[in-house]
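Close look at the chain arrangement
One-letter residues, chain by chain:
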Amino acid sequence: MQVSYRLIELASQHSLELGIKRLGADLVAVPRGLDQTLEQSYLTGEAVTFYMDRTVKDKIAGNSLVEKVSAQVFIKSLARASCCSLWNVYLIGFEPESDFTILPWLSNHPLRKINPDQILAGAGLGLEEGDTVRFYGRSLRVAGILDPTGMGLDQTVFIPIQTAYLMARESAVKAEQPLPLGPDQISAVLIKLKPARQGGMPGYRSAYELEKAIPEISIIQPDDLLVRAQANLAGTLRTLRSASYAIWAITALLIGLVFALAANERQREIGILRALGATQGFIFRMILWEALLLAGSGAIIGLILSMSILAGFSRLIALSLQVPFYWPGAFELGLLLFLAAVSALLTAGVSALVPAIQSSRQDPYEAIRRGE
Amino acid sequence: MRIRIFGMLILVWGLILILIPWVLFPVCGAGRFASSPGHPEKPHPCWPTAKAETVLGILSIGIGLIPLLKPTRKSILGASLSSIIISVLVVLFPGFITGLCKAPTMACRIGTLPALVGLAIIMLLTGLAGLAQYDS
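Residues numbered from 1 in each chain as written. Chains lettered and ligands numbered in written order. Predicted model: local features only at pLDDT ≥ 70, side-chain atom pairs only at ≥ 80, totals over all residues.

Some words on the overall build of chain B
- Summing up its helical and strand segments, chain B has four helices and zero strands in all.
- Going from the N terminus to the C terminus, chain B shows its helices and strands as α-α-α-α.
- When the 136 residues of chain B are sorted by exposure, 40% land in the buried category.
- For chain B, restricting intrachain contacts to residue pairs at least 6 apart in sequence, the fraction spanning at least 24 positions comes to 78%. (Helix = DSSP H or I, 4+ residues; strand = E, 2+ residues; numbered from the N terminus. Buried ≥ 20, exposed ≤ 12 C-beta atoms within 10 Å, placed from the backbone. Contact = placed C-beta atoms within 7 Å.)

As for the overall build of chain A
- Scanning chain A from N- to C-terminus turns up eleven helices and eleven strands.
- Counting all 372 residues of chain A, 34% fall into the buried class.
- Here the contacts in chain A between residues at least 6 apart in sequence split such that 80% fall between residues at least 24 apart.

Quick look at the confidence of the model for chain B
- Overall, the prediction assigns chain B a mean pLDDT of 88, with 92% of residues at 70 or greater.
- Confidence, expressed as mean pLDDT per element, reaches its minimum in chain B at helix 4 (residues 107-135) of chain B with 90 and its maximum at helix 2 (residues 47-69) of chain B with 93. (pLDDT = per-residue confidence, 0-100.)

What about the interface of chain A and chain B?
- The interface of chain A with chain B comprises eleven residues on the first partner and ten residues on the second.
- For the side of chain A that touches chain B, the per-class residue count stands at five nonpolar, four polar and two charged. (Nonpolar A, V, L, I, M, F, W, Y, C, P; charged D, E, K, R; others polar.)

Comments concerning the nonpolar core
- Within the largest apolar cluster, 59 residues are counted, with the highest numbers of intra-cluster contacts made by A:Leu27, A:Val28, A:Ala29, A:Leu91, A:Ala164, A:Val189 and A:Ile191.
- In terms of residue count, strand 3 (residues 66-76) of chain A provides more of this core than any other element does, six residues in total.
- Leave out the neighbours within four places in its chain, and A:Leu91 touches A:Ile75, A:Ser77, A:Phe135, A:Val157, A:Ile159 and A:Ala164.
- Within the second largest apolar cluster, 30 residues are counted, among which are B:Ile63, B:Met106, B:Leu119 and B:Met123. (Core = buried A, V, L, I, M, F, W, Y, C linked by C-beta atoms within 7 Å.)

A few points about helix 6 (residues 203-213) of chain A
Residues and elements named next belong to chain A.
- Here helix 6 has its buried residues at Ser206, Ala207 and Leu210. For helix 6, the angular spread of buried residues about the axis comes to 105°, placing them on one side. When the buried face of helix 6 is taken as reference, the exposed residues oriented beyond 90 degrees from it are Tyr204, Arg205 and Lys212.
- In this fold, the buried residues of helix 6 make contact with strand 1 (27-31), helix 3 (55-61), strand 10 (188-193) and strand 11 (217-220). (Arc of directions from axis to C-beta.)

A few points about the packing of helix 9 (residues 280-321) of chain A against helix 10 (residues 330-360) of chain A
Residues and elements named next belong to chain A.
- Where helix 9 meets helix 10, the axes come as close as 8 Å, and the angle between the chain directions of the two elements is 150°. Taken together, the axis directions place helix 9 and helix 10 in an arrangement best described as roughly antiparallel. Regarding helix 9 and helix 10, the two cross each other, and that crossing is right-handed.
- Grouping the amino acids of the contact of helix 9 with helix 10 by side-chain chemistry returns 20 nonpolar, six polar and no charged. (Axes fitted to C-alpha atoms, helices over the stretch in contact; angles between N-to-C directions. Parallel < 35°, antiparallel > 145°, perpendicular 65-115°, else oblique. Left-handed = near helix turned anticlockwise from the far one by under 90°.)

Examining the environment of A:Asn264
- Within the secondary structure, A:Asn264 sits in helix 7 (residues 222-265).
- With 94 residues separating them in the primary sequence, A:Asn264 and A:Gln358 have C-alpha atoms 9.8 Å apart.

Focus: the sheet that holds strand 4 (residues 90-94) of chain A
All names here are of chain A.
- Spatially, nine strands are ordered 6-7-5-8-4-3-10-1-11 in an open sheet, and the strand pairing comes out mixed. Looking at strand neighbours, the two that pair on one side only are strand 6 (132-135) and strand 11, the edges of this open sheet. Ignoring which end each strand starts from, the neighbouring axes of this sheet average 35° apart.
- For strand 3 and strand 4, the ladder comprises five bridges, and the chain directions are antiparallel. Across the sheet, Lys76 pairs through a bridge with Tyr90, a residue of strand 4.
- Sheet contacts for helix 5 (residues 161-174): strand 3, strand 4, strand 6, strand 7 (138-145) and strand 8 (156-160); angle to strand 8, the most-contacted strand, approximately 95°.
- Packed onto the sheet, helix 6 meets strand 1, strand 10 and strand 11 and runs at close to 170° relative to strand 11. (Pairing = 2+ DSSP bridges.)

Some remarks on the packing of helix 1 (residues 2-24) of chain B against helix 3 (residues 73-97) of chain B
Residues and elements named next belong to chain B.
- Running from N to C, helix 1 and helix 3 cross one another at 25°; their axes reach a closest spacing of 10 Å. With respect to helix 3, the element helix 1 is oriented roughly parallel. By crossing handedness, the relation of helix 1 to helix 3 is classed as left-handed. Residues Ile3, Phe6, Gly7, Ile10 and Leu17 of helix 1 form the contact with helix 3, whose participating residues are Ser75, Ile76, Ala79, Ser83 and Val90.
- Residue classes in the contact of helix 1 with helix 3 are distributed as seven nonpolar, three polar and no charged.

Notes on helix 4 of chain B
- A rise of 1.5 Å per residue sets the reference length of helix 4 of chain B, with its 29 residues, at 42 Å; its end C-alpha atoms lie 41 Å apart and thus fit the reference within 8%.
- Where helix 4 of chain B bends most, at B:Leu113, the angle is about 30°, and the proline B:Pro114 comes one to four residues later. (Expected span 1.5 Å × (residues − 1). Bend = angle between axes of the 7 residues up to and from the residue.)

Overview of the environment of A:Ile186
All names here are of chain A.
- Among the structural elements, Ile186 can be located in strand 9 (residues 185-186).
- Sequence-wise, Ile186 and Met52 are 134 residues apart; in three dimensions their C-alpha atoms are separated by 5.5 Å.
- In this view, Ile186 contacts Tyr51, Met52, Arg54, Lys57, Ala71, Gln72 and Val73; residues no more than four positions away in its chain are not counted.

Considering the pairing of strand 8 of chain A
Residues and elements named next belong to chain A.
- In terms of residue burial, strand 8 counts as a mostly covered element, since five of its five residues are buried.
- On strand 8, burial covers both faces: Thr156, Phe158 and Pro160 on one face and Val157 and Ile159 on the other are all buried.
- Pairing analysis gives five bridges linking strand 4 to strand 8, with the strands arranged parallel. Residue Phe94 lies in a different strand from strand 8, and its bridge partner there is Pro160.
- One ladder, built from two bridges, connects strand 5 (residues 118-121) with strand 8; its direction is antiparallel. What sits directly across from Ala121, in strand 8, is Val157.

Overview of unusual backbone geometry
Residue and element names in this part refer to chain A.
- Look at Tyr136: it is not a glycine, yet its phi comes out positive at around 50°.
- Position of Tyr136 relative to the elements: it lies in the loop between strand 6 and strand 7.
- Its 25 C-beta neighbours within 10 Å are what place Tyr136 among the buried residues.

Some thoughts on the environment of A:Pro364
Residue and element names in this part refer to chain A.
- Residue position: Pro364 is located in helix 11 (residues 364-371).
- For the pair Pro364 and Gly277, spaced 87 residues apart in sequence, the C-alpha to C-alpha distance is 9.9 Å.
- Excluding its chain neighbours within four sequence positions, the residues that come into contact with Pro364 are Gly271, Arg274 and Ala275.

This is the structure we're talking about:
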């Protein structure tokens with residue numbers, strides 16, 4: 001249980017670090033009051049659609065704290081519609097000429113530019129480069145797959161914003177339902193702030209100043225995602241942690257009791273061994289080694305089982321808890337498993353100490369007599 | 001007595017196999033993922049898998065009954081071999097034969113498939129233990 005809660009915590013943090021790095025922006029501006037909606041969407045991948053006027057982007061760009069901006073538009077593909085090959089998928093229209101979140105990925109990729117009829121797909125959609133998908137009756141080709149983050153961004157498709165507007169315009173004819181998106185509408189503005197040496201301010205100050213200057217927006221800071229994920233997890237982790245400590249204490253007591261009973265049952269055997277010349281140290285080590293071997297094998301089986309269950313159900317756990325999940329690195333995982341095994345061995349060793357000491361100190365004749 | 005226990009185990013695994021795709025870890029559009037009344041669900045690609053697993057579950061229950069009703073060495077041999085074959089089919093159906101929905105975040109992939117794989121491993125181990133019992 002300790003491995004489970006610690007692994008969920010680590011995997012969630014790891015995923016958020018990757019996701020926030022992918023986000024690339026210092027701040028994200030959305031229509032007033034919709035910041036928490038978008039935060040939850042980033043974590044779970046559930047598509048949300050809201051719009052504001054494009055003039056907001058110009059207002060933000062004109063602010064002295066801002067270095068550059070890039071607009072995005074959020075669309076959700078139709079459910080159970082033949083004009084969409086993937087249902088309920090999050091489509092994000094982005095501006096290739098000003099974007100600074102997707103382009104850094106492209107710069108590391110052989111494909112340096114994205115064409116109007118191309119899209120970039122998140123790793124969680126099961127698509128491959130070269131696949132053709134249809135949204136609102138428009139066919140688009142997958143130009144590349146983004147690296148996984150474990151966050152909602154893995155279930156997202158990135159499409160050039162002009163293609164999104166064209167798709168909306170043509171949807172009245174080509175799609176089962178029209179896409180209600182006008183060419184002057186955007187959903188969010190990604191903001192890169194000026195560094196301090198150029199007159200910039202820290203993120204939280206800049207967020208406050210921007211919200212004060214432009215009342216129609218709310219600002220999301222990347223740290224907000226961390227806080228939200230931790231809030232989603234807090235209750236569950238607290239329960240798991242408390243349960244694991246309680247189980248640990250009970251297990252330690254039970255091990256001590258079982259070994260005390262076992263040592264009591266084996267009094268005659270121990271007495272005979274002592275009579276044949278076994279030292280107190282030998283008896284002590286024998287009982288302790290048995291405890292450690294049993295604990296070790298139990299720890300190995302338990303760790304294999306818990307890792308298998310977590311590996312198999314990781315996506316279900318992430319969606320149910322509404323937190324991102326991305327496996328931590330091999331070193332962190334190995335360290336966690338090693339510490340879990342060591343704690344199991346220590347617990348068994350400490351619990352079996354008293355029965356081991358008592359058994360080793362018994363008089364051989366008394367032990368044989370009592371065992372009959 | 002031990003032969004009856006194996007029979008009971010195979011029967012219980014069969015019952016769980018029926019419950020997994022419809023109740024415990026339902027496939028898309030089934031169980032807790034079903035759409036509201038008045039909005040009929042379009043068939044999902046994972047439904048044939050759910051039906052196939054249900055049939056395998058019923059077979060498993062029938063096979064588990066045999067050692068329960070007639071606890072002989074032959075019955076445990078037959079039941080164990082059948083359990084091993086069924087456990088392989090439990091994984092082959094969603095993986096290769098009937099398949100599942102394409103998107104990795106669909107309910108059938110994140111819940112049903114891992115549960116089926118886990119149960120298949122347990123059924124395989126039960127079958128192997130039954131064979132070992134037969135040998136001894």
